[in-house]
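Understanding the architecture of this molecule
Next come the chains, spelled out residue by residue.
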Amino acid sequence: MRFKGIIILLIVFLSCSNNVHTEHPFHWDKIGYESKPWARWWWLGSSVNESEISRQLREMKKAGFGGVEIQPIYPMKPSSIEPITYLSERWAEVFLFTMKEAKKSGLGVDLTLGSGWPFGGPWLEPQHAARKLEVIQSVYSDSDTKRKITDDSKKPAEFVLVTPMSKNSVSGKMLDYTIDNGQKYWTVPPGNWKVYIVKVGYTGQQVKRATVGSEGHVLDHFSRSAFENYVEPFDELNNNTGQMRPRSNFNDSYEVYGANWTPELFTAFQNLHGYDLRHYIPILIDDSIDSKIRRRLLHDYRETVDSLFMNEFCIPWAEWSHKNNMQNRFQAHGSPGNIIDLYGLSDIPETEGFGRGGGDILFCKFASSAAHLYGRKFCSSETFTWLDEHFQVTLDKMKKTADLFFIAGINHIFYHGVPFSLPDDDYPGPVFYASTHAGETNTWWAHLHYLNEYIARIQSTLQANRFDPDVLLYFPIHDLWNYIPGAINMLQYCRVHNIESFFKEAAILTWETAKMLQDNGWQFDYVSDKVIIEMLSTNNQDLLSSDMRYKTLVFAGIQFTEEKTLEKLKNLLEQGANIIFVKNIPSVVERGAPDNTSKENKNKILGESFKEYKSLFIIDSVAELPDLLKRLKIENEKFTDESLKFIRLYNSNNKLYFLKNISHKSIDKWISLNCKGNTVLIGNPLTGEVNRAEIQKNREEIKIHLKMEPFSTSLLLVSKDNKYSGFQPEEKLTAASKVLLKGRWNISWLDYKGEQHTKEISQLESWTNWHETKFYSGEVEYQTTFNFNTKEGVKKITLNLGELRESAEIFVNGSLSGSVWTKPSVVDITDKIKQGENVILIKVRNLMANRIIHLDRTGVQWRKYFFVNIDYKPFDASNWELLPSGLIGPVSIVLKTNTQ
């Protein structure tokens, strides 16, 4: 028995050992539904049915999506399917059906907790709609005989405040009111007065892009009772769907316009700051004042709004989600609060890219920083939002945009997005007005799975490993709350649309430091007071939060911070943590009534004693920071000098890098990695190929020979052991010769009615030059034959398509050799080419734009829904120039041999 037990243990050991060694180094053997990109799935008017739900889920599965986020929006008129009233019994039926069908297909489902945005709807009780402060100002002089202010029954006043005309008062006197025959009124006392009638009104904002049955007022996001009222119909929806739940519910970016008040605000302000805000309304609302006392008051007011948003909306929403067995996915940006901590309240923090730039790495890092600090596995992004003008976005541009999100720490991409579209809808079918159209009617839909496979490989690697940071960078929320320029309705918003005002101007040295770190190869996360005070600890000089380990904490040009933050910093310094201040140690933020004359000064908690801490450093400028970091042995990745951007991750045994060449030039040189190892693997996320890199080692670092095409990406794995030594080394190849394909091409395509057309050409050019296809958007096949004679020493044969507009699949002798949808337009045909005559078939797809141009020039009314251009003006493509389309070439075959 003992011998049998030893044999069993040996078998188990060998089995486990074998599993470890056969595990894919980049986790490409375990690409699950959450590693694939997801798509926002717009249900226009909720005009959906079961058969189409099933079909479209199958199509999205084929296209490489891992899940959908359902967002019902405005209706399409007319629609062949009758709109379904939002949250009705029928709506609950199709939603439950969708979740069941998705589960069968291995797809995930998220649900926008509302229709359109922001949260709101017709069931919201009137008192729970978004509020705003309204102040009516007037002047009373001694000569005024009528001094009675009568309340307006339609817009009742909260109170009336007066200040003397003779001076600029910091605070005012509240008048008592009288009720006469049920009518409330105030009497202005004798004298000369400025009078302020304070009313708490409503913004009147309606849900934006609401679907049928969800039209109504926007929610008061600063009131818990309002939130509880809002989710009542979703409780009923959960009851109707039984045990089935979406993976998570979603809240879009905060776009509640004008909301700066709630009935509970005065009490909340008094509880938080110890004085009555009502007395200081005159300076609170006076935008002409930029003084220390007004900034102090605005700070306290903004801090109160942040507290209300967090405690009365964000936390109750998270609690409600978890109570109902769901996660929540949250775009905290846009809100008037500290977005690091607001993101941190979410199970899946989500950032956003908007416009032609695709996404700002330094902005996106607010979401990924929260994910790292709070220990969240996923950090998602609303991706490709208005990436370019409608119908002009290429798969190549989408890839470049996705790459930037990966570098910013995003590992869970959501397309923006895919409309629910019926096969018999008039072309182009539903198209959402602010997105990159990724629906079935897009000409590149048949090639979309190639991009999604690329994204899935990268996300599988990113999700399976942890961010490997160097620096914590404090974000100065108190400086922002003390800042007046850029404010809207007295509040400061951290939006994707106002990075200039809330970050580059209000926190200029923090932004400069973030940019310096990002550009020069140091990895960092932003950090908040809450994280420092409640979560940060030290271990061997390193700073710890969740499973993150940082080597230093930087405060760059900060004016104000919390007293508790400074006290915590002192504690961390006592334990040997490295803390760096650029320009100055911040002061304790001043709170309390603006006319408080207290001389108490807590600003020198550290300032008086910093010299006693050997791990505290004060430098004069951001330019000095790189040298100081290196003196502290916090080394950067030097390869950023080679036009490479990156994100570095780690697991228990390995370091991993995602690299992107951001230049138009190829890279072919040795680069140093800031880590040690015995083996380096290079993974190609485009093809799935993995090879061993050529390396050089020393005590401090490892060097690899890196070859990358312009704008290409690679994944590196640096392993301390030799378990990956079985992977083949990269081939060292040199282009020995190139053969241009100059023969005739047979062209064929199907028109929009499905009829076949053919053409023969001798010169490649844009098919917009041909009368028959001038405005054609779709697929055109190019076929030619050529003779090939094998040459001795040839190791690799590639087909270079030259200029390609925009994507293609390449077949050699009847077999698919590969696809081209991103630069460079090259595919490996080594295994498909043969001696003698060969046949090449290239199936090319262009963009939708040319067909849309034709529709608009001929007056076809295809827009049956709200639709505008990227500049938010009426869409009209009739004056566009045609986009080059097809195989423009020249096409060549490149023969490669071993490098000597």
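The notes below deal with the structure included here. (Residues numbered from 1 in each chain as written. Predicted model: local features only at pLDDT ≥ 70, side-chain atom pairs only at ≥ 80, totals over all residues. Heavy atoms only, no water.)

Our focus in this paragraph is helix α10 (residues 361-373). The terminal C-alpha atoms of α10, which comprises 13 residues, lie 18 Å apart, in line with the 18 Å expected from a rise of 1.5 Å per residue. Along α10, the helix axis deviates most sharply at A367, where the bend reaches about 30°. With a side-chain oxygen positioned 2.9 Å from the backbone nitrogen of L362, the residue opening α10 is D360. Positive phi shows up at G375, right after α10, with a value of about 75°. (Helix = DSSP H or I, 4+ residues; strand = E, 2+ residues; numbered from the N terminus. Expected span 1.5 Å × (residues − 1). Bend = angle between axes of the 7 residues up to and from the residue. Polar contact = N/O pair within 3.5 Å; in protein donor to acceptor, adjacent residues only side chain to side chain.)

Where helix α11 (residues 395-407) contacts helix α12 (residues 448-463), the axes come no closer than 10 Å and their chain directions differ by 10°. Accordingly, the angle class assigned to the pair α11 and α12 is roughly parallel. Contacts between α11 and α12 pair L395, M398, K399, A402, D403 and F406 from the former with L448, L451, Y454, I455, I458, Q459 and L462 from the latter. Split by residue class, the contact of α11 with α12 holds 10 nonpolar, 1 polar and 2 charged. (Axes fitted to C-alpha atoms, helices over the stretch in contact; angles between N-to-C directions. Parallel < 35°, antiparallel > 145°, perpendicular 65-115°, else oblique. Contact = heavy atoms within 4.5 Å. Nonpolar A, V, L, I, M, F, W, Y, C, P; charged D, E, K, R; others polar.)

What follows deals with the state of the cysteines. The tally for this structure, following the rule as stated, stands at 0 disulfides. The thiol sulfur of C314 is not disulfide-bonded, and the nearest other cysteine sulfur, from C494, lies at 13 Å. Classification of C314 as buried rests on a relative accessible area of 2%. (Disulfide = S-S within 2.5 Å. Buried < 20%, exposed > 50% of the residue type's maximum accessible area, 1.4 Å probe, protein only.)

Right, let's get into the nonpolar core. Within the largest apolar cluster, 188 residues are counted, with the highest numbers of intra-cluster contacts made by W41, W261, Y301, F366, Y415, F503 and L553. It is helix α8 (residues 292-323) that contributes the most residues to this core, 11 residues altogether. With residues up to four places along the chain from it excluded, the contact list for Y301 reads N260, W261, L265, F269, L277, L284, N489, M490 and L491. One finds I761, Y776, V780 and F788 within the second-largest nonpolar core, a separate group that totals 31 residues. (Core = buried A, V, L, I, M, F, W, Y, C linked by side-chain atoms within 4.5 Å.)

Let's shift gears to the sheet that holds strand β24 (residues 579-582). With respect to topology, 5 strands assemble into an open sheet ordered β18-β17-β22-β24-β26, the strand pairing being parallel. Taken across any chain shown, the strands that pair with only one partner, and hence form the sheet edges, are β18 (524-527) and β26 (616-619). Across the sheet, the axes of successive neighbouring strands diverge by a mean angle of 25°, strand direction being ignored. Bridge count for strand β22 (residues 552-556) against β24 is 4 bridges, and the pairing is parallel. Residue pairing across strands places F555 opposite F581, the latter belonging to β24. In the packing of helix α15 (residues 508-519) onto the sheet, contacts are made with β17 (471-474), β18 and β22, and the angle to β17 comes to roughly 160°. Across the face of the sheet, helix α17 (residues 563-574) comes into contact with β22, β24 and β26 while running at roughly 130° to β24. (Pairing = 2+ DSSP bridges.)

Attention now goes to the sheet that holds strand β2 (residues 67-73). Sheet strands line up and pair through hydrogen bonds in the backbone, either parallel or antiparallel. The strand order around the closed barrel built from 8 strands is β1-β2-β3-β11-β12-β13-β14-β15, with neighbouring strands paired in parallel fashion. Geometrically, the sheet is characterised by an average inter-axis angle of 30° between neighbouring strands, direction not taken into account. Strand direction decides the pairing type here: strand β1 (residues 38-44) and β2, joined by 7 bridges, are parallel. Bridge pairing in β2 links W38 to G67. Sitting on the sheet, helix α3 (residues 89-105) is in contact with β1, β2 and β3 (108-112), with an inclination near 150° to β3.

On to the packing of α3 against helix α5 (residues 232-241), then. Following both chains from N to C, one finds α3 and α5 inclined at 60°, their axes separated by 10 Å at the closest point. The orientation of α3 with respect to α5, classified from their angle, is oblique. For the pair α3 and α5, the sense of crossing is right-handed. Between α3 and α5, the residues in contact are W91, A92, F95, L96 and M99 and L237, N240 and T241, respectively. (Left-handed = near helix turned anticlockwise from the far one by under 90°.)

Next up on the list: unusual backbone geometry. Geometrically, the link from Y427 to P428 is a cis peptide bond, its omega value of 5° lying close to zero. Note the cis peptide between R805 and E806, where omega equals 15°. The phi dihedral of N325 is positive, around 60°, even though this residue is not glycine. For N325, the location among the structural elements is in the loop between α8 and β12 (327-330). Classification of N325 by relative accessible area gives exposed; the value is 61%. Despite not being glycine, N489 has its phi angle at roughly 50°, a positive value. By secondary structure assignment, the location of N489 is in the loop between α13 (477-481) and α14 (499-505). In this structure N489 comes out as partly exposed when scored by relative accessible area, which is 37%.

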